[in-house]
Amino acid sequence: MRLLVSIFLVPRLNDPRPDQQEEFRRKLEPEANEWLGWFFKGQSYPNSSRLVLHTILAAWLLPHERNVRFEIEVGRKVKSKEVTSVAELGELIGEGKTPSTLLQALGGTGRAICS
């Protein structure tokens, strides 16, 4: 079974500076996905890449009413979970969370291959 997990940064709809927001998104989204890959390399235990990933995503969420969408592809089905606050983010990748807990929250199991 092939498992694919990705992060998408969802901009605020009525941002007063949409160009600046888009530039920030283009910079952070690939970086977040790269750290997600490092997070999954730890597989069964919390690791420092989790903290970096959490920090990057929290910077996107605060204080601008933006969202983070996690998507998981299992086979040909895509499931997603949108996070709207740092508290929700903590439930997925907060302190003590492992790749397994993230996969379970997204509705997947097994090993992950990150994009």
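The text that follows walks through the structure, step by step, so that each part is easy to find.

Rules used throughout
Residues numbered from 1 in each chain as written. Predicted model: local features only at pLDDT ≥ 70, side-chain atom pairs only at ≥ 80, totals over all residues. Heavy atoms only, no water. Helix = DSSP H or I, 4+ residues; strand = E, 2+ residues; numbered from the N terminus. Buried < 20%, exposed > 50% of the residue type's maximum accessible area, 1.4 Å probe, protein only. Contact = heavy atoms within 4.5 Å. Pairing = 2+ DSSP bridges. Salt bridge = Lys/Arg side-chain N within 4 Å of Asp/Glu carboxyl O. Core = buried A, V, L, I, M, F, W, Y, C linked by side-chain atoms within 4.5 Å. Axes fitted to C-alpha atoms, helices over the stretch in contact; angles between N-to-C directions. Parallel < 35°, antiparallel > 145°, perpendicular 65-115°, else oblique. Left-handed = near helix turned anticlockwise from the far one by under 90°. Nonpolar A, V, L, I, M, F, W, Y, C, P; charged D, E, K, R; others polar.

Re the overall build of the protein
Thought 1: Of the regular secondary structure elements, the protein holds four helices and four strands.
Thought 2: Going from N to C terminus, the protein has its helices and strands arranged as β-α-α-β-β-α-α-β.
Thought 3: Looking at the protein residue by residue over its 115 residues, the buried ones come to 40%.
Thought 4: Across the protein, the fraction of contacts at a sequence separation of at least 24, relative to all contacts at a separation of at least 6, is 66%.

Describing the pairing of strand β3 (residues 77-83)
Thought 1: With seven bridges connecting them, strand β2 (residues 67-74) and β3 associate as antiparallel partners. Bridging from a neighbouring strand, Glu 73 pairs with Val 78 of β3.
Thought 2: The hairpin formed by β2 and β3 contains two residues between the paired strands, and Gly 75 there has a positive phi angle of roughly 65 degrees.

With respect to the pattern of salt bridges
Thought 1: Summed over the entire model, instances satisfying the criterion amount to three salt bridges.
Thought 2: Close ionic contact of Arg 25 with Glu 29 constitutes a salt bridge, the shortest N to O distance being 3.2 Å. Of this pair, Arg 25 and Glu 29 both sit in helix α1 (residues 18-41), four residues apart, which is roughly one turn of the helix.
Thought 3: Residue Arg 25 is classed as buried on the basis of its relative accessible area, which comes to 17%.
Thought 4: Shared partners join several salt bridges into a network, and the residues in it are Glu 22, Arg 25 and Glu 29.

Topic: the environment of Leu 28
Thought 1: Note that Leu 28 resides in helix α1.
Thought 2: For Leu 28, a relative accessible area of 8% translates into the label buried.
Thought 3: Separated by 32 residues in the primary sequence, Leu 28 and Trp 60 have C-alpha atoms spaced 8.0 Å apart.
Thought 4: Once residues within four sequence positions are removed from consideration, Leu 28 is found in contact with Leu 9, Ile 56 and Trp 60.

Details of the nonpolar core
Thought 1: Core analysis: the largest hydrophobic core is formed by 24 residues, its most contacted members being Ile 7, Leu 57, Val 68, Phe 70 and Leu 102.
Thought 2: The set of elements that each furnish at least two residues to this core consists of β1 (3-10), α1, α2 (48-61), β2, α3 (86-93) and α4 (99-106).
Thought 3: It is α2 that provides the largest number of residues to this core, a total of six residues.
Thought 4: Each residue touching Val 68, except ones within four places of it in the same chain, is listed here: Ile 7, Phe 8, Leu 9, Leu 57, Trp 60, Leu 61, Lys 81, Glu 82 and Val 83.

With respect to the packing of α2 against α3
Thought 1: Viewed as axis vectors pointing N to C, α2 and α3 meet at an angle of 160 degrees, and their least axial separation amounts to 10 Å. Our classification of the angle between α2 and α3 gives roughly antiparallel. Crossing of α2 against α3: the hand is right-handed. Residues Arg 50, Leu 53, His 54, Leu 57, Ala 58 and Leu 61 of α2 pack against Val 86, Leu 89, Gly 90 and Ile 93 of α3.
Thought 2: Broken down by class, the residue content of the contact of α2 with α3 amounts to seven nonpolar, two polar and one charged.

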